Amino acid sequence: MIRQAKCKTPRRPPKKPSSNQKDPVGVYCRVRPLGVEDEECCIEVISNTTIQLHAPEGFKTNRNGEYKETQYSFKKVFGVSISQIELFEHVAKPLVDDLIHGKNGLLFTYGVTGSGKTYTMTGSPGQGGLLPRSLDMIFNSIGPYQAKRYIFKTDDKNGMEVQNEVDALLERQRRENNSSVPKSSSSRQKLDPEIADMVKSEEAYKTEGVDEDSSYSVFVSYIEIYNNYIYDLLEENQEDAIKPKWNGGGTPLRQNTEFTPPQSKTLREDQNHNMYVAGCMEVEVKSAEEAFQVFWRGQKKRKVANTRLNRESSRSHSVLIIKLAQAPLDADGDNILQDKNQVAVSQLCLVDLAGSERTGRTGAEGTRIREAGNINQSLLNLRTCIEILRENQICGTNRMVPYRDSKVTHLFKNYFDGEGKVRMVVCVNPKADDYEETLLVMRFAEMTQEVEVARPVDRPICGFTPGRRHRNQAFKEELSRKLDERGGPIDGDVPSVINSMVHCLPPLPSSELADPNDDITLPRLIEALHNRHRVRQIMIDEYNNAANRMKSMLQELDNNLISKENVIHEQNGKLVDKDKIIQNNKAEIERLEKRTKMQEHKIDILQKTTKIYEDDQRTLKYELETREQRLQREQSDKRRLEQRMQGVVTDTQYKWEKECDRRVNAMQLEMQNKLWVKDEKLKQLKAIVTESKTPGRPDPPPRQTQRQPQSQTQRQNQPWTQPQTQPRSQPPSQPQPRSQPQSQPQRPSREERLPAKRSASPSPVPTVTPVRPLHRRSRSAGGEKWVDHKPSSSLDLGTVLQPVIPNSIQVSTPSEKALSKCDRYVLTHQEVASDGEIQTQLIKGEVIKTRGGGQAVQFTDIETLKQELTTVPRRKRKSSEGTPANGDHTDGAWTDVETRCSAAVEMRAGSNLGPGYEHHGITKRRKP
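Calculation criteria
- Residues numbered from 1 in each chain as written.
- Predicted model: local features only at pLDDT ≥ 70, side-chain atom pairs only at ≥ 80, totals over all residues.
- Heavy atoms only, no water.
- Pairing = 2+ DSSP bridges.
- Helix = DSSP H or I, 4+ residues; strand = E, 2+ residues; numbered from the N terminus.
- Axes fitted to C-alpha atoms, helices over the stretch in contact; angles between N-to-C directions.
- Contact = heavy atoms within 4.5 Å.
- Parallel < 35°, antiparallel > 145°, perpendicular 65-115°, else oblique.
- Left-handed = near helix turned anticlockwise from the far one by under 90°.
- Nonpolar A, V, L, I, M, F, W, Y, C, P; charged D, E, K, R; others polar.
- Buried < 20%, exposed > 50% of the residue type's maximum accessible area, 1.4 Å probe, protein only.
- Phe/Tyr/Trp six-rings, centres within 6.5 Å; stacked < 30°, edge-to-face > 60°.

(A) Molecular detail of the sheet that holds strand β24 (residues 808-811). Strand order in the open sheet formed by five strands is β24-β23-β25-β26-β27, with mixed pairing between adjacent strands. If you trace the sheet from one side to the other, it starts and ends with β24 and β27 (855-866), each paired once. With strand direction ignored, the average angle separating the axes of adjacent strands in the sheet is 25°.

What follows is the structure, given as structure tokens:
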């Protein structure tokens, strides 16, 4: 056995449109009356095709501060005073006419929650909506021509089959036997009070031009699309499975054997590429009351909930599918033609879409939020499909329409592809709270009516002679009349005919023989039988005469029929001539239509050119306005920048003036300190000279005037040996001092050397040696953790004053891991100073975590450590203190800074603790 090679599935050819002619989607608008009379209204009906929306008070205005008023046009606008019957006459009646003539239709209501969609579709007792009036019109039109129940039978593949009367009778008996509840005529006539008197008898409509030579049957199915799942509302269930049921113990009742949850239905495609719901129950109905009773039974199972905006808000999209099956009668006009190909099925879908809603306004929680999300998502997908269809038709593109993203659009894709008319009723609520959502609904509706749908073709006419049903009915009535006149059987009453014939014959005498010698009874019986035979022969002769007369009459009728057929042939010849004339006229009409299309094409080109020019003009105008606005904006920005620069210049000038004042004050303070030190030294020298001139005088005790300057000088000249790390508590704008450790032994000051040189003085002035208190070498020895970055090229100088940071991580190359563990950072940098010695700089900073999860270092201070040698010649200056009169200069007459001040003091800028200060630092940059 040779297995065939696998190949790809052949691509299905695209479905050709049913007609070249297209009609736009009919969009109607209905305005709901306000609930409260004094409530603010934001919708105004201008004409029967236009409405105007104006923003309510307190709503966001435009740039110019005025309220924006927008107008929207529709095929027809129905105000608050419109009745249900007027709405039905304009919207649904043409769809019912097309349904009876074999064409499909789709009608759906769209709008915000609480805008009156369900009322428009279903209505109320005494004021029936579009759905009950459509059912009433269907049965008023096809009532006399309905087939018996079960003559038409669904094949579960979106098709119809035809059964003969015997099979239909057997099916009817089987269904009635299997039915658990017997149906009586009284129970069938009893309706639910909630749906009674939906349509009044005086408001009934009827379709004209119904094909009398066909038999009809109506099938109804009702589904809902809940959370993007399809459920059959006519399916018999003991429990409602879409709502979960829980018992007192907290366990679901799903484990109960009596609970049978319904399964969601699937969408399939039939052989004609039409979408249908597989496994959906289709109920055959024979009256409008029965059909609406079936609808109301499913309506009670539909998902509704109480929200803040609507007491009975629909939580699902409901779809009522009305299928009308029709098949022609046979040539005799008595029975339905048993041919499945001759059965035509048309359907009308009435859709009540759930309203779009915002969670913030409805206050939904839990299940309501999920339901609202699915509703809004399906409506959004419907809008997307409409937008892409409109774009494909206007721009000539071929984008794929996402029908499959939602069950609503997937089910009705055939209608938008050209399988019937599509109409939409937009329901709006004029109250001010719904203004924003109503605006979106209006834009979608106005865009929808720009989509064009292909017009469906007419159903082909059967080849049988029209008027068959009427002729058959007339023949039966005439036959009944003739039989009634002749006393013959009416409606097959054969036993009565036999009885009448028996009574017409002579009666038989008594045939009882009491005596064997009786010669009277038998002859009398023989005579009676002869009479009966004679009467029978007479009846047979009369019957033969009547049959002959009937034959002659039939022959006359045949002759008349032949003559009529000749006349019909003549008329057919005339019809052929007329057909030729009609064909010529059609050709002329086609030529004129082509010419008209050519002219329309030229008009379209001119309109497109005009539109392009208008768009260019609008674009140039907009660009001009934009450039003017940009120029004005740049001018305003320039003026604003000039003002800002003037402010910055003023602030900078004021800042520098303050800085100059501060520096002048600091310099004055420094000079005053220096002058004070010189004065103190001159006083001490004067005291030494004075005391040396009076020998033999006892040493006076140290005076407070001498100790006080010394202690103050000592306090001012204390070296700051603490580490130069800036503490975290110090503000970033405070400049940090730079310490200069002494790498050589401290030399005594000039005042300390003077008594040694003047050893002849009997009582030298006692001097107090400055005390140098012990401090920590580094301020980074606290609780903060440092990253001590010392490059591998650093040299160990071997001096005493070296930065030691105990709580630190020493690295030669910084890494992200080390930076993530610390919050301070110090970099040791060595370079050769101007005097040839190695100078060490400690560059300090803070570790800052960035938004991306990394670390950055912000440098805040630089500390300089400098090593000096005693052998290096220093700059000398001549001291005016202690100069001999003869002008000879000794070594003590020349000194440097270290000689004159034995202890150097390093202080912050602006400090008034001592005479001099030295500062090297950078200002810490303020964090943004």
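(B) Geometry of the pairing of strand β25 (residues 824-832). Of the strand pairs in this sheet, strand β23 (residues 786-789) and β25 are connected by four bridges, and their pairing is parallel. Opposite His 789, over in β25, you have Leu 827 as the bridge partner. Pairing analysis gives nine bridges linking β25 to strand β26 (residues 838-849), with the strands arranged antiparallel. By the bridge assignment for β26, Arg 824 is matched with Glu 846. The antiparallel pairing of β25 with β26 creates a hairpin that spans five residues between the two strands, and Gly 836 there sits at a positive phi of about 90°.

(C) Molecular detail of the sheet that holds strand β3 (residues 43-45). Strand order in the open sheet formed by three strands is β3-β4-β5, with antiparallel pairing between adjacent strands. Across the chains shown, the open sheet's two edge strands, defined by having one partner strand only, are β3 and β5 (69-73). On average, each strand axis in the sheet is inclined to that of its neighbour by 25°, with strand direction left out of account. Pairing between β3 and strand β4 (residues 50-54): three bridges, direction antiparallel. Across the sheet, residue Val 45 finds its bridge partner in β4, namely Ile 51. Together, β3, β4 and β5 form the strand contacts of helix α12 (residues 435-448), whose direction differs from that of β5 by roughly 40°.

(D) Broad picture of the packing of helix α2 (residues 93-100) against helix α4 (residues 130-142). Look at α2 against α4: their axes get within 10 Å of each other, and the N-to-C directions meet at 40°. The angle between α2 and α4 falls in the class oblique. Handedness of the crossing formed by α2 with α4: right-handed. Only Ser 134, Met 137, Ile 138, Ser 141 and Ile 142 of α4 make contact with α2, whose side of the interface consists of Lys 93, Val 96, Asp 97, Leu 99 and Ile 100. Partitioned by chemical class, the residues of the contact of α2 with α4 number six nonpolar, two polar and two charged.

(E) Quick look at the environment of Ile 223. The residue Ile 223 is located in strand β12 (residues 214-226) in this model. A relative accessible area of 0% means that Ile 223 is categorised as buried. For the pair Ile 223 and Lys 265, spaced 42 residues apart in the sequence, the C-alpha separation amounts to 9.4 Å. Excluding residues that lie within four positions of it along the chain, Ile 223 makes contacts with Ile 230, Tyr 231, Asp 232, Leu 233, Val 277, Cys 280, His 317, Ser 318, Val 319 and Leu 411.

(F) Molecular detail of the packing of aromatic side chains. In the structure shown here, the tally under the stated rule is eight aromatic pairs. Judged by centre distance (5.0 Å) and plane angle (50°), the ring pair of Tyr 222 and Phe 295 falls under tilted. Of this pair, Tyr 222 sits in strand β12 while Phe 295 is found in helix α7 (residues 288-299), placing the two residues 73 residues apart along the sequence. Ring plane angle 40° and centroid distance 5.2 Å describe the contact between Phe 292 and Phe 295, whose orientation is recorded as tilted. Placement of both Phe 292 and Phe 295 in helix α7 is noted, with a separation of three residues, approximately one turn of the helix. Across the pair, exposure class does not vary: Phe 292 and Phe 295 are buried alike. Through pairs of rings, three or more aromatic residues link up here, namely Tyr 222, Phe 292, Phe 295 and Trp 296.

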